[in-house]
Amino acid sequence: MKKSMKFGIVAAIAAMLAAPLVPSAATAAPTAAAAAGTAAATKSGPTSIAYVEVNNDQLANVGRYTLSGGANAFDVAIIFAANINWNGSKAVLYNNDKVQATLDNAATQIKPLQAKGIKVSLSVLGNHQGAGIANFPTQAAASDFASQIAATVSKYGLDGVDLDDEYSDYGANGTPQPNQQSIGWLITALRAQMPGKLISFYDIGPASSSLSSSSSTVGSKLDYAWNPYYGTYSAPSIPGLDKSRLSAAAVDIQNTSQSTAVSLAQRTKADGYGVFMTYNLPGGDKSAYVSAMTQQLYGQAASYR
């Protein structure tokens, strides 16, 4: 997987910070009950997302962060990332060796998170070969790729997929340019083939432009969408998705300053957004940084266990 690190374009778009909205309530998904059958610990606040670069770090680390009240600090862990390759005639789902190892080691990397009540999704993005989520030429082609995703989600017991329109290099290898219908076809096929599974969208690229002008019917089939520019605050605009399912904040844990992360968490809570997205959770103990955010989001410190 090439160029998988997604550093925020902070300086270029800092002036685009969104104005605060009227606060409204948002509630994170509750964690699962302990194995002993005791009542599940819960928290009140945004659903917290943690992307992990599995080329460098272990997905299982997401589950080591716990709030002082016993709930998980993170609600959704995302494996970053599988790729969309071009085989000469169609888009094919591809896992590099690190992604495949994470999936193959589900017993230690995925299932322990799910046992704690943390959802696990697979991020999917381009691989510089001309294939991506924005240029399926027909509905049948989009449905075929959705079937590949659904099969992987089922095989490895995942909870969903995250769609990311980066690094596709549309037009390479004779592939078509993006079109307005492609992302809608894909989301519709995924929802039909994966009822009850998560479908999230990293709001960037030609697919973002298409969704911003699509019908609310398409947007309503998504569970979440988030701002892709780390260190900034700007909510996606997708018909059919209200603020309870959006993250205006975007935090790169290894590159966004702690003070900025705290400010973004404060704004998220005050403005009533229902999701808080973080990326690049590293190995080792980052509880001081994570706790600074969770204190604002949930009124609880986080520890690393």
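Let me sum up the structure you'll find in this document.

Each value, and the rule that gives it
- Residues numbered from 1 in each chain as written.
- Predicted model: local features only at pLDDT ≥ 70, side-chain atom pairs only at ≥ 80, totals over all residues.
- Heavy atoms only, no water.
- Phe/Tyr/Trp six-rings, centres within 6.5 Å; stacked < 30°, edge-to-face > 60°.
- Helix = DSSP H or I, 4+ residues; strand = E, 2+ residues; numbered from the N terminus.
- Buried < 20%, exposed > 50% of the residue type's maximum accessible area, 1.4 Å probe, protein only.
- Arc of directions from axis to C-beta.
- Contact = heavy atoms within 4.5 Å.
- Polar contact = N/O pair within 3.5 Å; in protein donor to acceptor, adjacent residues only side chain to side chain.
- Core = buried A, V, L, I, M, F, W, Y, C linked by side-chain atoms within 4.5 Å.
- Axes fitted to C-alpha atoms, helices over the stretch in contact; angles between N-to-C directions.
- Parallel < 35°, antiparallel > 145°, perpendicular 65-115°, else oblique.
- Left-handed = near helix turned anticlockwise from the far one by under 90°.
- Nonpolar A, V, L, I, M, F, W, Y, C, P; charged D, E, K, R; others polar.
- Salt bridge = Lys/Arg side-chain N within 4 Å of Asp/Glu carboxyl O.

**Thoughts on the packing of aromatic side chains**
One pass over the structure, following the stated rule, counts 12 aromatic pairs. Ring centres of Tyr-51 and Tyr-279 lie 5.9 Å apart, and the angle between their planes is 65°; this geometry places the pair in the edge-to-face category. Of this pair, Tyr-51 sits in strand S1 (residues 47-53) while Tyr-279 sits in strand S11 (residues 275-279), placing them 228 residues apart in sequence. Classification of Tyr-279 as buried rests on a relative accessible area of 0%.

**A word on helix H2 (residues 97-104)**
Within the span of H2, buried status applies to Val-99, Thr-102 and Leu-103. The buried side chains of H2 occupy one side of the element, clustering within an arc of 95° when seen end-on. Turned more than 90 degrees away from the buried face of H2 sit Asp-97 and Asp-104, all of them exposed. Looking at the buried positions of H2, the neighbouring elements they touch are strand S3 (76-86), helix H3 (106-109), strand S5 (119-126) and helix H5 (139-155). Two to three positions downstream of the cap, the backbone nitrogen of Lys-98 sits 3.0 Å from a side-chain oxygen, assigning the N-cap of H2 to Asn-96.

**Some remarks on the nonpolar core**
Counting 75 residues, the largest nonpolar core has Ile-79 and Leu-163 as the members making the most contacts within it. Considering each element in turn, this core owes the most residues, 6 residues, to H5. Membership of the second largest hydrophobic core comes to 18 residues, among which are Tyr-51, Val-76, Leu-125 and Ile-204.

**Looking at the packing of H5 against helix H6 (residues 182-193)**
Orientation of H5 relative to H6, taken along the N-to-C sense of each, is 45°, at an axis distance of 8 Å. Between H5 and H6, the crossing angle belongs to the class labelled oblique. Taken as a pair, H5 and H6 cross one another with a handedness that is right-handed. Counted together, Gln-139, Ala-142, Ser-143, Phe-145, Ala-146, Ser-147, Ile-149 and Ala-150 of H5 and Ser-182, Trp-185, Leu-186, Ala-189, Leu-190 and Gln-193 of H6 form the full contact between these two elements. Grouping the constituent residues of the contact of H5 with H6 by class yields 9 nonpolar, 5 polar and no charged.

**Points about the environment of Gln-296**
Within the secondary structure, Gln-296 sits in helix H10 (residues 287-298). For the pair Gln-296 and Gly-45, spaced 251 residues apart in the sequence, the C-alpha separation amounts to 9.4 Å. The residues touching Gln-296, leaving out its near neighbours within four places in the chain, are Val-262, Ala-265, Gln-266 and Lys-269.

**Structural notes on the pattern of salt bridges**
Counted by the stated rule, this structure contains 3 salt bridges. Of the charged contacts in the structure, one is a salt bridge between Asp-75 and Lys-43, with a shortest N-O distance of 3.2 Å. Here the residue Asp-75 occupies a position in the loop between strand S2 (65-67) and S3, and Lys-43 occupies one in the loop between helix H1 (10-13) and S1, the gap between them amounting to 32 residues. There is no split in this pair, since Asp-75 and Lys-43 are both buried. Asp-223 is the salt-bridge partner of Arg-191, the closest N and O atoms lying 2.9 Å from each other. A residue pair is termed long-range when its members are at least 10 positions apart, and Arg-191 in helix H6 and Asp-223 in the loop between helix H8 (216-219) and strand S8 (224-226) qualify at 32 residues.

Structural measurements only, silent on function.
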